[in-house]
Amino acid sequence: MSVETKKMANSIVAAGGSFGEKLRSGPEKVKSFYNDVRTEMRKVTAPSWKEVRGTTAVVIITVFIFAAYFGIIDFVINKGVTALFSYFRIR
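Residues numbered from 1 in each chain as written. Predicted model: local features only at pLDDT ≥ 70, side-chain atom pairs only at ≥ 80, totals over all residues. Heavy atoms only, no water.

On to the overall build of the protein chain. Broken down by element type, the protein chain carries 3 helices and 0 strands. Taken from N to C terminus, the helices and strands of the protein chain fall in the order α-α-α. Classification of the 91 residues of the protein chain by burial places 4% in the buried group. Of the roughly 8300 Å² that the protein chain leaves accessible, carbon and sulfur atoms contribute 70%. (Helix = DSSP H or I, 4+ residues; strand = E, 2+ residues; numbered from the N terminus. Buried < 20%, exposed > 50% of the residue type's maximum accessible area, 1.4 Å probe, protein only. Areas by Shrake-Rupley, 256 points an atom, 1.4 Å probe, with all protein chains shown as cover.)

See the structure below:
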């Protein structure tokens, strides 16, 4: 019986079965989940040192660009609000 067939059978039992059947299918679901996790983890590869350096540089540059952008926006809004307060304070 293939993995997909087992999953389908388990989902049918879980969907329409009694509480006891659902309870008995629990360990099989956990076992199936961990088998799926193990299969997917075998596909995972660690990045090379060159890739790590490249992506780190991109992140650092992006952080500085956003910091400059938000700094400029904050400065403009601060000056605008200060000008509005001083305009209405005089009158």
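Bringing the confidence of the model for the protein chain into the picture now. For the protein chain, the average pLDDT comes to 85, and 79% of its residues sit at 70 or higher. Across the protein chain, helix α3 (residues 49-90) holds the top mean pLDDT of 95, while helix α1 (residues 3-16) sits lowest at 58. (pLDDT = per-residue confidence, 0-100.)

Here we take up a nonpolar patch on the surface. A contiguous nonpolar surface patch, about 720 Å² in accessible area, is contributed by Phe-66, Tyr-69, Phe-70, Ile-73, Ile-77, Val-81 and Phe-85. Mapping Ile-73 onto the fold places it in helix α3. (Patch = residues over 30% accessible without salt bridge, like charges linked within 9 Å, V, L, I, M, F, W, Y side chains within 5 Å. Salt bridge = Lys/Arg side-chain N within 4 Å of Asp/Glu carboxyl O.)

Pairs of aromatic rings are described using the distance from one ring centre to the other and the angle between the two planes. Under the criterion given, the structure shown has 4 aromatic pairs. Between Phe-33 and Tyr-34, the ring centres sit 5.4 Å apart and the planes meet at 70°, which makes this aromatic pair edge-to-face. (Phe/Tyr/Trp six-rings, centres within 6.5 Å; stacked < 30°, edge-to-face > 60°.)

What follows deals with the pattern of salt bridges. Summed over the entire model, instances satisfying the criterion amount to 1 salt bridge. For Glu-40, the salt bridge is made with Lys-43, and the minimal N-O distance between the two is 3.3 Å. The class of Glu-40 is partly exposed, set by a relative accessible area of 46%. Looking at Lys-43, the relative accessible area reads 56%, which means it is exposed.

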